Amino acid sequence: MKYDIKDANLAVQGMIKIEWAKKDMPVLSGILADFKKRKPFKNITIGACLHVTAETANLMIALKEGGAKVGLCASNPLSTQDDVAAALVKNFNIPVFAKKGESKKEYFSHLRAVLDMHPDITMDDGADLVGELHSNRLSQAKKILGGTEETTTGVSRLKSMAKEGALLFPVIAVNDSMTKHFFDNRYGTGQSTIDGIIRATNKLLAGSVFVVAGYGWCGKGLAMRARGMGANVIVTEIDSVKAIEALMDGFRVMPMTEAAKNADFICTVTGNVNVVGADVFKTIKDGCVISNSGHFDVEIDLVGLNKISKNKKELRNFVEAYTLKNGKTIFVLAGGRLVNLGSAEGHPASVMDMSFANQALAAEYVIKNKLDNSVHVLPEAIDRKIATLKLKSLGIKIDSLTKRQQEYMSGWKEGTL
Ligand code: NAD
Ligand code: ADE
């Protein structure tokens, strides 16, 4: 079996992490048990490009139990947990091609190694596997039954491909399930981004000025959790509706160049490019800590920052100090890559339980249904089934509609009494 990981001797430690995560993934465990009986992926190869974490390991194991041959590479050069990669190879015979801190060249060679397995299904987080296939392995597209996509930025790239008529197979936008983005993007990113910033810097958030760029699903979670830590939170936006929402949620809203003047922390979560750029570096407060939790490392303009810096030095793991020509020093975390996965462990397993239940069921859905070559969402019934199973696993009961309530809600004749 071919694979490329940092150190196979880390497998014991990786196995402990996988088991630990599994305890908080009851919905995925239930799907695993069902897959084991039914083997829906018999004779199917799944090529996955996901963050190589303990939670992803549990997804890979569930797919393999369902009869799939799986291959895994990283969806970010910095997000791999090397011990987990080792455990997947050594204990589960799953080929993994990923090393934390891999170069760009290695990253793409790992994508190609997964494509060399000739997948029938692609499973992406950010659409790099689909991108590589459509750019350099077009002939492989005809074998693909469909793909699944985990994140907002990936879904946006795939929709652009579909709009241009370039997408050669159907893809399920896992991100767009309610049981994914309501929880993973909001509460997962909210908590794990704060975790990443704290693990990297050990700085106090209480009393600090914390700027969140983007008030989408991730930004809402991050702003909420930063406030919970006692920070004075400012939101920046380009969408007037989201800006009003942030304002009425009790945050200050202003342009980034203004916010940066007093910022102790700036964290971007927009999916957009150059959100912290040259104009911001001009006004930024001395000592500001900048990080990003959006999918790609494009939100902080590091090329521009290098140009106006006279010196760059790594002070701690994942903390680089840039001394600007104007004498100010600013700190960039995790090289501008996803801070929650670069300097922490990503979202907690309990939230990934629902995201990866969607991934597992989407993989089955895409091979069982004839879909056109565009971006699809999972049927609401599957989404709601995941929510029901999650509530059940948490021991939470809810009310159900009475017959009278059902009639009332579906009727129109009963108005003012
Ligand atoms: P979203 O579309 O819900 O929100 C993005 C927000 O950013 C929007 O409100 C948009 O108006 C705003 N925005 C765009 N350009 C901006 C700019 N220049 N300045 C300020 N605001 C701007 O998306 P989301 O689901 O919140 O995802 C955001 C990013 O985070 C994506 O790249 C997504 O793939 C990624 N993501 C990361 C994780 C993680 O683990 N770190 C998890 C989920 C999603
Ligand atoms: N994305 C965010 N957190 C993650 C995790 N723990 N595992 C896989 N992908 C993630």
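Predicted model, so just to flag it, every value in this text is computed and none were measured.

In a regular helix each residue adds 1.5 Å, so 12 residues correspond to 16 Å; helix H9 (residues 217-228) covers 17 Å between its end C-alpha atoms and thus fits that length. Buried within H9 are the following residues: Cys 218, Gly 219, Lys 220, Gly 221, Leu 222, Ala 223 and Ala 226. Buried residues along H9 sit against helix H8 (178-201), strand E7 (209-213), strand E8 (232-236), helix H10 (240-248) and strand E10 (265-268). Looking one or two residues past H9, Gly 230 carries a phi angle of roughly 95°, positive in sign.

According to the stated counting rule, one finds seven aromatic pairs in the structure shown. Relative to Phe 41, the ring of Phe 35 lies with its centre 5.1 Å away and its plane at 90°, an arrangement referred to as edge-to-face. Taken individually, Phe 35 and Phe 41 each receive the classification buried, so the pair is uniform in this respect. Residues Tyr 107 and Phe 108 carry aromatic rings whose centres are separated by 5.3 Å and whose planes lie at 85° to one another, so their mutual orientation is edge-to-face. On the basis of relative accessibility, which here comes to 4%, the residue Tyr 107 falls in the buried class. Here the guanidinium or amino end of Lys 220 rests over the ring plane of Trp 217, the centre of that ring lying 5.9 Å away.

Quick look at the packing of helix H3 (residues 54-65) against helix H15 (residues 349-368) now. Close contact between H3 and H15 brings their axes to 10 Å; oriented N to C, the two are set at 35°. In this structure, H3 crosses over H15, and the sense of that crossing is right-handed. Where H3 approaches H15, its residues Glu 55, Thr 56, Leu 59 and Leu 63 are matched on the opposing element by Ala 349, Met 352, Phe 356, Gln 359 and Ala 360.

This next bit is on the nonpolar core. Core analysis: the biggest nonpolar cluster contains 56 residues, and Met 60, Leu 63 and Val 96 have the highest contact counts within it. Top element by residues in this core is H15. It accounts for 12 residues. Residues in contact with Met 60, not counting those within four places in the same chain, are Ala 48, Leu 50, Val 70, Leu 72, Leu 88, Ile 94 and Met 123. With 25 residues, the next largest nonpolar core counts Leu 222, Ala 223, Ala 226 and Val 233 among its residues.

To continue, consider the confidence of the model for the protein. Mean pLDDT for the protein: 98, with 100% of residues reaching 70 or above. Least confident of the elements in the protein is helix H12 (residues 278-283), whose mean pLDDT is 93; most confident is E7, at 99.

A few words now on the pattern of salt bridges. Under the defined criterion, the tally for this structure stands at 23 salt bridges. Between Glu 245 and Lys 220 there is a salt bridge, with the nearest N and O atoms lying 3.0 Å from each other. Residue Glu 245 is found in helix H10, and its partner Lys 220 is found in helix H9; the two are separated by 25 residues along the sequence. By relative accessible area, which is 12% here, Lys 220 ends up buried. Where Arg 384 meets Glu 380, a salt bridge forms, and the shortest distance between an N and an O atom there is 2.7 Å. Placement of the pair is Arg 384 and Glu 380 together in helix H16 (residues 380-393), with a separation of four residues, close to one helical turn.

Attention shifts here to the site of ligand 2. Taken together, the residues surrounding ligand 2 are His 51, Thr 53, Glu 55, Thr 56, Leu 341, Glu 345, Gly 346, His 347, Met 352 and Phe 356. In this structure, a nitrogen atom belonging to ligand 2 sits 2.7 Å away from a side-chain N or O atom of Thr 53. In this structure, a nitrogen atom belonging to ligand 2 sits 2.9 Å away from a side-chain N or O atom of Glu 55. Breaking the shell around ligand 2 down by element, the ones donating at least two residues are H3 and H15. Considered class by class, the residues forming the shell around ligand 2 number three nonpolar, five polar and two charged.

Calculation criteria
- In this convention, every chain numbers its residues from 1, walking through the sequence in written order.
- Starting at A for chains and at 1 for ligands, labels are handed out in the order in which the entities are written.
- Only residues with pLDDT of 70 or above have their local features reported here, since the model is predicted, and side-chain atom pairs are shown and tallied only from 80 upward, although totals for entire chains, interfaces and linings are computed over all residues.
- As a convention, hydrogens and water are excluded, and side-chain values are obtained from all of the structure's heavy atoms.
- Note on conventions: DSSP H or I runs of at least 4 residues are helices, E runs of at least 2 residues are strands, and numbering of each starts at the N terminus.
- How far a helix is expected to stretch is found by multiplying one less than its residue total by 1.5 Å.
- Buried means the residue's accessible area, taken with a 1.4 Å probe over protein chains only, is under 20% of the maximum for its type, while exposed means over 50%, and partly exposed covers the values in between.
- Contact criterion: two residues are considered in contact whenever any of their non-hydrogen atoms come within 4.5 Å of each other.
- Under the pairing criterion, centres of Phe, Tyr and Trp rings, with the six-membered ring standing for Trp, must be within 6.5 Å; the plane angle then separates stacked pairs below 30 degrees from edge-to-face pairs above 60, leaving the rest tilted.
- A ring is scored as having a charge over it whenever the NZ atom of a lysine or the CZ atom of an arginine sits within 6 Å of its centre and within 35 degrees of its normal.
- With axes taken as lines fitted to C-alpha atoms, and helix axes fitted only over the stretch in contact, angles between N-to-C directions fall between 0 and 180 degrees.
- Crossings are sorted by hand: turned counterclockwise from the far helix by less than a right angle, the near helix makes the crossing left-handed, and turned clockwise it makes it right-handed.
- The set of buried Ala, Val, Leu, Ile, Met, Phe, Trp, Tyr and Cys residues whose side-chain atoms join them within 4.5 Å is what this entry labels a nonpolar core.
- The quantity known as pLDDT measures the predictor's confidence residue by residue, on a range of 0 to 100.
- Here a salt bridge means any side-chain nitrogen of Lys or Arg lying within 4 Å of a carboxyl oxygen belonging to Asp or Glu.
- Here a residue is near a molecule or strand as soon as one of its heavy atoms is found within 4 Å of it.
- N or O atoms within 3.5 Å of each other form a polar contact, as long as, within protein, one can give a hydrogen and the other can take it, and as long as residues adjacent in sequence are counted only when both atoms are side-chain atoms.
- By the convention adopted, Pro, Cys, Tyr, Trp, Phe, Met, Ile, Leu, Val and Ala count as nonpolar, Lys, Arg, Asp and Glu as charged, and the other residues, Gly among them, as polar.

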